[in-house]
Amino acid sequence: MRAFTYQRVAATAEATAALARIPGAKLLAGGTNLLDLMKLEIEAPTHLIDIRDLDLARIEDTAAGGLRIGALVSNTDLASDARIKRHYPVISRAIVSGATGQLRNKASTAGNLLQRNRCPYFYDTDQPCNKRLPGSGCSAIDGASRGLAVIGTSSACIATYPGDLAVALRLLDAEIETVDAAGRTRTLPIADFHRLPGDTPQIETALQPSELITAVILPPPLGGRHFYLKVRDRASYAFALVSVAAVLHPDRTGRIAFGGVAPKPWRVEQAEAALQDSAEAVVSIAFDGATPTEQNAFKVPLAARALASVIARARESSDAV
Amino acid sequence: MPQSNMNPPAASGMTPVRFITVNGEQHSPPEDPRTTLLDFLREQLDLTGTKKGCDQGQCGACTVLVNGTRINACLTLAIMHVGDEVTTVEGLGKPDALHPLQRAFVTHDGYQCGYCTPGQICSVIGALAEIDRGVPSHVTGDLSAPMITTRLEMRERMSGNICRCGAYSNIQDAIAEFVGEPR
Ligand SMILES: Cc1cc2nc3c(=O)[nH]c(=O)nc-3n(C[C@H](O)[C@H](O)[C@H](O)COP(=O)(O)OP(=O)(O)OC[C@H]3O[C@@H](n4cnc5c(N)ncnc54)[C@H](O)[C@@H]3O)c2cc1C
Ligand code: SF4
């Protein structure tokens, strides 16, 4: 690990000021992704700003009837909140399908959204990778791509956004609230938060250099039955090959988002009308224009089967999710 | 030389806390901020019960309790824990006064080589505290009902603790004896 200086801040303004002032500074929340990458020297911040003491660990009701989730709320606390379990169970289900109890206790809401990808070549510092070393090339396109994205990719990068929580948040159309060093706040839809790689795969989100995420805002509950089905190589504790987040209503309307298939949580609203029809119909619209590799072409039919299984469960009389 | 400002903010009128409490004893944080909590425990405090397996948050051998919550000591810096109370396996029981869970592991041979055992034990204690707080798991049926300690639940909740010897069935038996019938 490269040397760095460390600072524990007491106020958000102190954190954003340090971010703006110190080149190479990074915020430190749970540290479960950042420190992992620092050990491999894939990330090498010069200065860490520990934000654990900021007053961002609460979940509050909003005037609109939704919830405001502080950026530092742990994944465990979010999954366990009575309001989340009751009105947004897809969030609880998505969180507990990821990582382990130990990691979820440490992982924060904002850190989870900002976790970096799990492409094997991104981690292998001997191999070219445009995300890690812009311009060096992409080893995955002709390499081991089984776990990587099938849609939204570019000739520069085919990595998948690996997280689970963000897929549920995209389904619910959550918003991300930020503040920058000038004290300016903004709220952006999660649909616009993660970006597609294009020519600049190293830029993964719309977050600006001195911006800090303060909260994630949930709109009022949607009702319906909530599902998060994660298909992976082991029954537990693995990243998704394909995941399906769904809110389904008895009249066969609903929302669908996919994880493990694209550089961002993948939701195509126009595809949702096809829920009246079949899972295949939804997937054929949502994955229109997909460019899978030979190794990961299985993900498109797998997405259809995973969605079909969710729809079948929704139609069973039992209300276990 | 890396330098650090390790004074956490003090609530007005209070002196800032500058130490890390480990098994009830106070310690100054390490000089080098790069020191993980795991290396601090093992190399600076000589508490070698906590083990280094993968050093990447994957195997769970380094599981410790921080303010009663289980975490991976390898993916956190010691300096981040100024003001926290850390409990390692050494803090749970002693060879002549075993914790009941340690005794259950002995009774059921919940190990072969024993390398993962301290992490397994701290993880069980943390997982049971989570169940009491209503934390759901991937196999929980009804999210809103009280959480229970079935074998299936404990298995899933312990999935972050890998045992390379494959002593899982005995580990499960040890846990089952300790928790008693599902609550
Ligand atoms: C073995 C293993 C398995 C895993 N499995 C899964 C899985 O199955 N599913 C899944 O979804 N995740 C998984 N994860 C990833 C895990 O969920 C993330 O590491 C975690 O959520 C990151 O949160 P953190 O608070 O620790 O982030 P940190 O590591 O502290 O930070 C991550 C990034 O976010 C930035 N950041 C943090 N807070 C803010 C803020 N408020 N504003 C702006 N920037 C901020 C940091 O600067 C850093 O760049 C796994 C991780 C490991 C190690
Ligand atoms: S897919 Fe992206 S992350 Fe993987 S090697 Fe190519 S550029 Fe790097």
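On a predicted model such as this, the values are computed, not experimentally measured, just so you know. (Residues numbered from 1 in each chain as written. Chains lettered and ligands numbered in written order. Predicted model: local features only at pLDDT ≥ 70, side-chain atom pairs only at ≥ 80, totals over all residues. Heavy atoms only, no water.)

Novice: Break down the overall build of chain B for me, citing the residues and quoting the values.
Specialist: The helix and strand inventory of chain B stands at six helices and six strands. In sequence order, chain B lays out its α and β elements as β-β-β-α-β-β-β-α-α-α-α-α. Whereas a compact globule of 183 residues would reach a radius of gyration of roughly 16 Å, chain B reaches 17 Å, a difference of no more than 12%. Principal axes of the C-alpha set define a box for chain B whose edges measure 50 × 40 × 30 Å. By the burial criterion, 50% of the 183 residues in chain B qualify as buried. Of all intrachain contacts in chain B linking residues separated by at least 6 positions in sequence, the fraction that spans at least 24 positions is 57%. For chain B, the accessible surface area stands at approximately 8,300 Å², while carbon and sulfur atoms represent 50% of it. Of the side-chain charges in chain B, 14 are positive and 20 negative, and the distance between the mean point of each set is 2 Å. (Helix = DSSP H or I, 4+ residues; strand = E, 2+ residues; numbered from the N terminus. Rg over C-alpha atoms; globule rule 2.2 N^0.38 Å. Buried < 20%, exposed > 50% of the residue type's maximum accessible area, 1.4 Å probe, protein only. Contact = heavy atoms within 4.5 Å. Areas by Shrake-Rupley, 256 points an atom, 1.4 Å probe, with all protein chains shown as cover. Lys, Arg positive; Asp, Glu negative; His and termini not counted. Charge placed at Lys NZ, Arg CZ, Asp CG, Glu CD.)

Novice: Which residues make up empty space enclosed by the protein, and what are the values?
Specialist: Evaluation of the coordinates by the stated rule reveals five cavities of 30 Å³ or more. Of the volumes computed, that of the largest cavity is approximately 90 Å³. Every residue lining the largest cavity is counted, 16 residues in all, and those nearest its centre are C119(A), C129(A), C138(A), A140(A) and C157(A). Split into classes, the residues belonging to the lining of the largest cavity amount to 12 nonpolar, three polar and one charged. Taken as a whole, the second largest cavity holds about 50 Å³ of empty space. Lining the second largest cavity are N75(A), T76(A), A79(A), I95(A), V96(A), G101(A), R104(A), E130(B), V135(B), P136(B), S137(B) and R157(B). For the lining of the second largest cavity, the secondary-structure elements that each account for two or more residues are α3 (75-80), α5 (89-96) and α6 (101-106) of chain A. Looking at the lining of the second largest cavity, the element that brings in the most residues is α3(A), giving three residues. The residue makeup of the lining of the second largest cavity, split by class, is five nonpolar, four polar and three charged. (1 Å grid on protein atoms, 1.4 Å probe; cavity = no way out; pocket = protein on both sides within 12 Å on 5 of 7 lines; lining within 4 Å. Points joined across faces, edges and corners; volume = space filled by probe spheres on them. Nonpolar A, V, L, I, M, F, W, Y, C, P; charged D, E, K, R; others polar.)

Novice: So what's going on with the domain arrangement of chain B? Residues and values would help.
Specialist: Residues and elements named next belong to chain B. Here chain B is partitioned into domain 1 (20-91) and domain 2 (100-179). The distance between the C-alpha centroids of domain 1 and domain 2 comes to 21 Å. Facing 16 residues of domain 1, the contacting portion of domain 2 comprises 16 residues. Taken together, the links from domain 1 to domain 2 amount to one salt bridge. A salt bridge links R70 to E130, with the nearest nitrogen and oxygen atoms 2.8 Å apart. In this structure, the connection of domain 1 to domain 2 is made through eight residue pairs in polar contact (both at pLDDT 80 or more). (Domains from an automatic or database assignment. Salt bridge = Lys/Arg side-chain N within 4 Å of Asp/Glu carboxyl O. Polar contact = N/O pair within 3.5 Å; in protein donor to acceptor, adjacent residues only side chain to side chain.)

Novice: A description of the site of ligand 2 should follow, citing residues and the corresponding values.
Specialist: All names here are of chain A. The environment of ligand 2 is formed by 14 residues, the closest being C119, C129, C138, C157 and I158. If you map ligand 2 onto the pockets, it falls in the largest cavity. Tallied by class, the residues present in the shell around ligand 2 amount to 10 nonpolar, three polar and one charged. (Near = heavy atom within 4 Å. Sits in = over half its atoms within 2 Å of the grid points.)

Novice: Break down the site of ligand 1 for me, citing the residues and quoting the values.
Specialist: Close contacts around ligand 1 come from 35 residues, with L27(A), G31(A), T32(A), S108(A) and D164(A) the closest. At the site occupied by ligand 1, the surrounding residues belong to chains A and B. In this structure, I213(A) approaches ligand 1 through a main-chain N or O atom, which is 2.8 Å from a nitrogen atom. In this structure, an oxygen atom belonging to ligand 1 sits 3.0 Å away from a side-chain N or O atom of K230(A). Burial of ligand 1 by the protein amounts to 96% of the accessible area it has alone, namely 980 Å². Counting residues per element, the ones that place at least two in the shell around ligand 1 are β2 (25-28), α7 (109-113) and β8 (212-218) of chain A. Tallying contributions element by element places α7(A) first for the shell around ligand 1, with three residues. Among the residues making up the shell around ligand 1, the classes are represented as 17 nonpolar, 14 polar and four charged.

Novice: So what's going on with the interface of chain A and chain B? Which residues, and what values?
Specialist: Each partner contributes residues to the interface: chain A has 42 residues there, and chain B has 48 residues. Between chain A and chain B, roughly 3,500 Å² of surface is buried when both sides are summed, and carbon and sulfur atoms account for 54% of that area. Considering only the side of chain A, the residues that lose the most area to chain B are Y6(A), R8(A) and Q102(A), jointly responsible for 19% of the buried surface there. There are three salt bridges connecting chain A and chain B. The salt bridge involving R133(B) is made with D77(A); its shortest N-O contact spans 2.9 Å. The interface formed by chain A and chain B holds 18 residue pairs in polar contact (both at pLDDT 80 or more) in total. For the side of chain A that touches chain B, the elements supplying multiple residues, two or more each, are β1 (5-8), α2 (34-39), β3 (47-50), α3, α5 and α6 of chain A. The element best represented in the side of chain A that touches chain B is α6(A), accounting for five residues. By residue class, the composition of the side of chain A that touches chain B is 16 nonpolar, 14 polar and 12 charged. (Buried area = accessible area lost by both parts, 1.4 Å probe.)

Novice: Give a description of the sheet that holds strand β11 (residues 254-259) of chain A that names residues and reports values.
Specialist: All names here are of chain A. Strand order in the open sheet formed by three strands is β9-β10-β11, with antiparallel pairing between adjacent strands. Unpaired on one side and paired on the other, β9 (225-231) and β11 mark the two borders of the sheet. Adjacent strand axes in the sheet meet at a mean angle of 10 degrees, parallel and antiparallel pairs treated alike. Across seven bridges, β9 lies against strand β10 (residues 242-248) in antiparallel orientation. (Pairing = 2+ DSSP bridges. Axes fitted to C-alpha atoms, helices over the stretch in contact; angles between N-to-C directions.)

Novice: So what about the packing of aromatic side chains? Which residues, and what values?
Specialist: Each aromatic ring pair is characterised by the separation of its centres together with the angle its planes make. Residues and elements named next belong to chain A. Overall, the coordinates contain two aromatic pairs over all chains when judged by the stated rule. Relative to Y123, the ring of F122 has its centre 5.7 Å away and its plane inclined at 85 degrees; by these criteria the two rings are edge-to-face. When the centroid spacing of 5.1 Å and the interplanar angle of 70 degrees are considered together, the rings of F258 and F287 count as edge-to-face. With F258 in strand β11 and F287 in the loop between α10 (279-286) and α11 (299-315), the pair connects residues that are 29 residues apart, well separated along the chain. Classification of F258 by relative accessible area gives buried; the value is 1%. (Phe/Tyr/Trp six-rings, centres within 6.5 Å; stacked < 30°, edge-to-face > 60°.)

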